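Here is how the chains run, residue by residue.
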Amino acid sequence: MRCPFCHNLDTQVIDSRASNEQGDIIRRRRQCPACEKRFTTYERAELFFPTLIKRDGSRCEFSRDKLKESFLLALRKRPVSADLLDAALSHIEEQLLTSAAKEVTTELLGELVMTELKQLDTVAYIRFASVYKSFDDLQAFSKEIAKLTKPQKS
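The structure reproduced in this document is the subject of the present report. (Residues numbered from 1 in each chain as written. Predicted model: local features only at pLDDT ≥ 70, side-chain atom pairs only at ≥ 80, totals over all residues. Heavy atoms only, no water.)

**Here's the deal with the sheet that holds strand β6 (residues 103–105)**
- Strands sit in the order β5-β4-β6 across an open sheet of three strands; the sheet is mixed. Looking at which strands have only one partner, the edges of the open sheet turn out to be β5 (59–60) and β6.
- Two elements, strand β4 (residues 51–53) and β5, share two bridges in a ladder whose sense is antiparallel. Each residue of the ladder has a partner; that of Leu52, found in β5, is Cys60.
- Here helix α3 (residues 106–120) sits on the sheet and contacts β4 and β6; the angle it forms with β6, its principal contact strand, is near 65°. (Pairing = 2+ DSSP bridges. Helix = DSSP H or I, 4+ residues; strand = E, 2+ residues; numbered from the N terminus. Contact = heavy atoms within 4.5 Å. Axes fitted to C-alpha atoms, helices over the stretch in contact; angles between N-to-C directions.)

Now the structure itself:
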């Protein structure tokens, strides 16, 4: 780290600590051995989510807030805690980050959401799936419900 005062290329870290409750920002006190002045730097990981490709071919940035709104709409008046919702959102974000893809389709994101909703609440899952899969008739809707009621093979 270059000293902001004398521009010496070598500085020493005197103290490091988490700067916030989440621990994702590190505060470092540094001292320059050349001019002996002290200064503070903040270190944060820079994470890049993949760009989303919509069905019409347009592109947009990933937004946790938009994703959360979709979950909240599906989970409206359902007994799911905020902690479980946050865990589901974090799990989707983790999958996107670890995929190392620069672009993903909204279809893939929708499938990730449905997987999480299926584990959280089946009613919310059906609500989301009915919009996401654009059920045209009652028969398509019934087929999706039948998939949920089939006994799971071990």
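**Quick notes on unusual backbone geometry**
- Phi angles above zero are rare outside glycine, and Glu36 is one such case at about 65°.
- Its place among the elements puts Glu36 in the loop between β2 (25–31) and β3 (38–44).
- Since its relative accessible area comes to 57%, Glu36 is described here as exposed.
- The backbone of Lys77 sits at a positive phi, close to 65°, despite the residue not being glycine. (Buried < 20%, exposed > 50% of the residue type's maximum accessible area, 1.4 Å probe, protein only.)

**Some words on the environment of Ala124**
- With respect to the helices and strands, the residue Ala124 is situated in helix α4 (residues 122–132).
- On a C-alpha basis, the gap between Ala124 and Arg76 in space is 7.9 Å, while along the polypeptide they are 48 residues apart.
- Beyond its immediate stretch of four places on either side in the chain, Ala124 contacts Ala74, Leu75 and Leu117.

**Observations concerning the packing of aromatic side chains**
- With the rule as written, the count across this model stands at two aromatic pairs.
- Between Phe49 and Phe62 the ring centres are 4.6 Å apart and the planes differ by 35°, which places this aromatic pair in the tilted class. Within this pair, whereas Phe49 is found in the loop between β3 and β4, its partner Phe62 is found in the loop between β5 and α1 (64–74), the two being separated by 13 residues in sequence.
- Accessibility expressed as a relative area gives 29% for Phe49, which makes it partly exposed. (Phe/Tyr/Trp six-rings, centres within 6.5 Å; stacked < 30°, edge-to-face > 60°.)

**A short note on the pairing of β2**
- In terms of strand pairing, strand β1 (residues 12–18) meets β2 through six bridges, oriented antiparallel. Across the sheet, residue Ala18 finds its bridge partner in β2, namely Ile26.
- Of the strand pairs in this sheet, β2 and β3 are connected by seven bridges, and their pairing is antiparallel. Across the sheet, residue Arg30 finds its bridge partner in β3, namely Phe39.

Remember that the coordinates give geometry; whether it matters functionally is a separate question.
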